[in-house]
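Chain by chain, the residues run as shown.
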Amino acid sequence: SNPLCSLLPGIKIEKEVANAFVKRKKRSSPYEYFEYYKSPMEQMHERCENYPPCDYLSDQIGFALAYNRYFG
């Protein structure tokens, strides 16, 4: 019935197997916002960690001073 299946007769996946790979987005809940939202401090930490000189300096003198030196 599916034209794509007729083009690829050797590839057949059962519905349950396909659903294990492809996850549908569930309905949003009020708590879902907090899973995706990162605090400003966490964003600053990630920015410093992704920049090797800042990451190295933060180990030496602390995160706040290192971040302010490179990004502040």
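Residues numbered from 1 in each chain as written. Predicted model: local features only at pLDDT ≥ 70, side-chain atom pairs only at ≥ 80, totals over all residues. Heavy atoms only, no water.

Trainee: Just checking my understanding: could you explain the overall build of the protein chain for this structure?
Mentor: On a plain count of helices and strands, the protein chain comes out with six helices and zero strands. Counted from the first residue to the last, the protein chain has its helices and strands arranged as α-α-α-α-α-α. The buried share among the 72 residues of the protein chain stands at 11%. Roughly 6,900 Å² of accessible area belongs to the protein chain as shown, and the carbon and sulfur atoms make up 57% of that amount. (Helix = DSSP H or I, 4+ residues; strand = E, 2+ residues; numbered from the N terminus. Buried < 20%, exposed > 50% of the residue type's maximum accessible area, 1.4 Å probe, protein only. Areas by Shrake-Rupley, 256 points an atom, 1.4 Å probe, with all protein chains shown as cover.)

Trainee: I tried to follow the packing of helix 4 (residues 40-49) against helix 6 (residues 63-71) on my own but got confused; where do I start?
Mentor: Any two packed helices are characterised by the angle at which their axes cross and by the distance between the axes. Put simply, helix 4 and helix 6 touch, their axes get as near as 10 Å, and they point 70 degrees apart. Relative to helix 6, the element helix 4 lies roughly perpendicular. Together, Met41, Met44, His45, Arg47 and Cys48 of helix 4 and Phe63, Tyr67 and Phe71 of helix 6 make up the contact between the two elements. Its residues assigned to classes, the contact of helix 4 with helix 6 shows six nonpolar, one polar and one charged. (Axes fitted to C-alpha atoms, helices over the stretch in contact; angles between N-to-C directions. Parallel < 35°, antiparallel > 145°, perpendicular 65-115°, else oblique. Contact = heavy atoms within 4.5 Å. Nonpolar A, V, L, I, M, F, W, Y, C, P; charged D, E, K, R; others polar.)

In short, shape yes, function no, at least from these values alone.
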